[in-house]
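Single-letter residue listing:
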Amino acid sequence: MRISKFTRAAVASAVCSGALLTVSMPTQANKALARLSKEDTNWVMQTKDYGASHFSDMTQINAHNVQHLQPVWSFSTGVLNGHEGGPLVIDGIMYVHTPFPNNIFAIDLDQPDKILWEHKPKQNPAARAVACCDVVNRGLAYAPAGDDYPATIFQNQLDGHIVALNAKTGEVLWKMENSDIAMGSTLTVAPFVAKDKVIVGSSGAELGVRGYATAYNIKDGKQAWRVYATGPDADIKLAKDFNSANPHYGQFGLGLKTWEGDAWKIGGGTNWGWYAFDPDLDMLYYGSGNPAPWNETMRPGDNKWTMTIWGRDVNTGEAKFGYQKTPHDEWDYAGVNYMGLSEQLVDGKMTKLLTHPDRNGLVYTLNRENGDLVNAFKIDDTVNWVKKVDLKTGLPVRDPEFSTHMDHEAKGICPSAMGYHNQGIESYDPNKKLFFMGTNHICMDWEPFMLPYRAGQFFVGATLNMYPGPKGTLGQVKAMNSVTGKFEWEIQEKFAVWGGTTATAGDLVFYGTLDGYIKALDSRNGKELWKFKLPSGVIGHPITFGHKGKQYVAIYYGVGGWPGVGLVFDLQDPTAGLGAVGAFKELAHYTQQGGGVMVFALGY
């Protein structure tokens, strides 16, 4: 395989070569991707579609016959670290990615025993040393061909570069530096394509990185806009009517006023999670993460706009609304998690909604047009740092017993810093009006300490001990109505359900477990219908797709990530891995490292 160096000429020479789908305008490119996402033969986004439904209308595999599901082929990536995200399937080609060194493999579904092309980037190995919680990568993105660029695969590298590859050949079209690893800023987020742009987040809040999101032009990688989570309004890109529907959320000047001195410059708020997009509104949705450092004593104030759900104009990056869920976060409840879009009845009116299960143990549902808070409720009744959310003000009513501060060890905080929900992508069944969530059930003790900031070094300031929550297990799967706050059913899992869920019209919910199973539940009642033991634990999500009239299910195996950090790096101190080692001390007795993808179909 030839890998071209980045030049503008390289872009021009690759124009339309090997195009998988030809369109003529940015808006049409947007529509082409949306159309592909609705074809159940394909899985063109990590989120399945712009609404992040993670739902398939396919019914060939269903609750009545799923027990006949069998593996039909597998592929080892040759990389041991944690495999988050999932593969993409586009027009009969599966695109597989890995954690660092961020290799990519294209596999023809007609000949899955042969690699169509591979991309093995050369990148700075120093990135490994500043990665917070294993060297994971949450996946690839895809853009259909335009008039002046071919169908393109986008990859984020741990060393801070975003790379555009010709989807047919694997050749590099362009490469841009997004993050500076010397400052501790890495890339683990999956890129997200909307209109003529590819959106890229940032990682590194645990090293004092100031969080930002960036839009690059698909055609040539030129930066279209960049927006920050902290600092002056111009950097955050607040629209003139920002939060006009909800001024009590806060409006202007707060990215500076809610910080002491220049603390906002090293204040965190990175966004390494998932995006959603409403093409009718041209609005992009995502969450900014935890403030830095974890020690709250070192950063007085509300620390805006960390821990915020953003609604932004995708064309300009301007924020139309921002709702801060956990002002002055004391527990590392990084709010970058899943954003699921739905249209449901609220007070008798069909309403465009955004639903977000947060690390802090609460589920938020907002009107995604203006940011109105529709509902906020606990993921589990054992959440204790907060009593409730005041729906009028949007503020959490905290329980001071579980607050953290210097010269005090807070005990029994639920959830832990891992949250009752972390990086998993969840699913929404539009027929049942239910979200299906894989959750964590982990609590903690927390003791802060003071430390200086040094660029490129960890800037945390807390020692954590984590352990199973009050129900005795580390994970759960739940079916939830996001408008009423009612849970239809829940089941317990021995370990956290880290990678999320995928639902189908066949009354099924698929997910993977850390101890190495892929499972299928009846989405109507939570009954387990099928499971299969994989070579290693799962921290990614399943996908389902069709090929030549047959439905398939695929999932990455490869334990790692934050829950597997002790196993990956052979750590023994229970407070190591930012507290994860103690929580998952038994994991090594159930699974070991090794990454790949396993594909299933009905065996009769």
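Everything below is about the structure shown above.
(A) Just the layout of surface pockets, in detail. In this structure, the largest pocket spans a volume of roughly 550 Å³. Lining the largest pocket are 23 residues, with Lys-38, Asp-49, Gly-51, Ser-53 and Leu-341 sitting closest to its centre. Among the elements of the structure, helix 2 (26-37), strand 15 (276-278) and strand 19 (340-346) are those that each provide at least two residues to the lining of the largest pocket. When the residues that make up the lining of the largest pocket are grouped by side-chain class, the tally is eight nonpolar, four polar and 11 charged. Taken as a whole, the second largest pocket spans an internal volume of roughly 220 Å³. In terms of lining residues, the second largest pocket is bounded by 15 residues, among which Gly-566, Leu-567, Leu-571, Lys-585 and Ala-588 are the most central. Within the residue set of the lining of the second largest pocket, elements represented by two or more residues are helix 6 (565-569) and helix 7 (580-583). Looking at the lining of the second largest pocket residue by residue, the class counts come to eight nonpolar, five polar and two charged.

(B) Representation of the sheet that holds strand 25 (residues 410-413) within the structure. Taken in spatial order, the three strands line up as 25-28-29 in an open sheet, and their pairing is antiparallel. Looking at the sheet topology across the chains shown, the edges are occupied by strand 25 and strand 29 (462-468). Taken over all neighbouring pairs, the strand axes of this sheet differ in orientation by 15° on average, direction set aside. Direction of pairing for strand 25 relative to strand 28 (residues 442-448): antiparallel, over a ladder of two bridges. The partner of Ala-410 across the bridge, within strand 28, is Trp-446.

(C) Local environment of the nonpolar core. By size, the foremost hydrophobic cluster in this structure holds 67 residues, and its most contacted members are Tyr-364, Met-444, Met-466, Leu-514, Trp-562 and Phe-584. In contact with Tyr-364, not counting residues within four places along its chain, are Ile-309, Tyr-323, Lys-325, Leu-354, Thr-355, His-356, Asp-358, Leu-373, Asn-375, Ala-376 and Val-389. Formed by 60 residues, the second largest nonpolar core is a distinct cluster that contains Leu-88, Ile-236, Leu-254 and Trp-305.

(D) Expanded view of the side chain of Asn-156. Within the element layout of this structure, Asn-156 appears in strand 8 (residues 152-156). A polar contact is formed between the side chain of Asn-156 and the backbone oxygen of Val-189, at a distance of 2.8 Å.

(E) The arrangement of the pattern of salt bridges in detail. Evaluation of the coordinates by the stated rule reveals 31 salt bridges. With its nearest N and O atoms 2.9 Å apart, the salt bridge here joins Lys-352 to Asp-278. Here Lys-352 is found in strand 20 (residues 349-357), whereas its partner Asp-278 is found in strand 15, with 74 residues between them in sequence. For Lys-352, a relative accessible area of 14% translates into the label buried. The exposure class of Asp-278 is buried, given its relative accessible area of 2%. In this structure, a network of salt bridges that share partners links the residues Asp-278, Asp-280, Glu-343, Lys-352 and Arg-368.

(F) How the structure looks around the state of the cysteines. Taken as a whole and judged by the stated rule, the model has two disulfides. The side chain of Cys-132 participates in a disulfide bridge whose partner is Cys-133; the two sulfur atoms lie 2.1 Å from each other. Take Cys-132: its relative accessible area is 27%, and that puts it in the partly exposed class. We classify Cys-133 as buried; its relative accessible area is 15%. One disulfide in the model links Cys-414 with Cys-443; its S-S distance is 2.0 Å.

(G) Broad picture of empty space enclosed by the protein. Enumeration according to the criterion identifies three cavities of 30 Å³ or more in this entry. Lining the largest cavity are 26 residues; nearest its centre among them are Cys-132, Cys-133, Arg-138, Glu-206 and Trp-272. A per-class count over the lining of the largest cavity returns 12 nonpolar, eight polar and six charged. Its volume calculated, the second largest cavity comes out at about 90 Å³. What lines the second largest cavity is a set of 14 residues, among which Met-45, Gln-46, Ala-141, Pro-191 and Phe-192 lie closest to the centre. Among the elements of the structure, strand 7 (141-143) and strand 11 (192-194) are those that each provide at least two residues to the lining of the second largest cavity.

Calculation rules
Residues numbered from 1 in each chain as written. Predicted model: local features only at pLDDT ≥ 70, side-chain atom pairs only at ≥ 80, totals over all residues. Heavy atoms only, no water. 1 Å grid on protein atoms, 1.4 Å probe; cavity = no way out; pocket = protein on both sides within 12 Å on 5 of 7 lines; lining within 4 Å. Points joined across faces, edges and corners; volume = space filled by probe spheres on them. Helix = DSSP H or I, 4+ residues; strand = E, 2+ residues; numbered from the N terminus. Nonpolar A, V, L, I, M, F, W, Y, C, P; charged D, E, K, R; others polar. Pairing = 2+ DSSP bridges. Axes fitted to C-alpha atoms, helices over the stretch in contact; angles between N-to-C directions. Core = buried A, V, L, I, M, F, W, Y, C linked by side-chain atoms within 4.5 Å. Buried < 20%, exposed > 50% of the residue type's maximum accessible area, 1.4 Å probe, protein only. Contact = heavy atoms within 4.5 Å. Polar contact = N/O pair within 3.5 Å; in protein donor to acceptor, adjacent residues only side chain to side chain. Salt bridge = Lys/Arg side-chain N within 4 Å of Asp/Glu carboxyl O. Disulfide = S-S within 2.5 Å.

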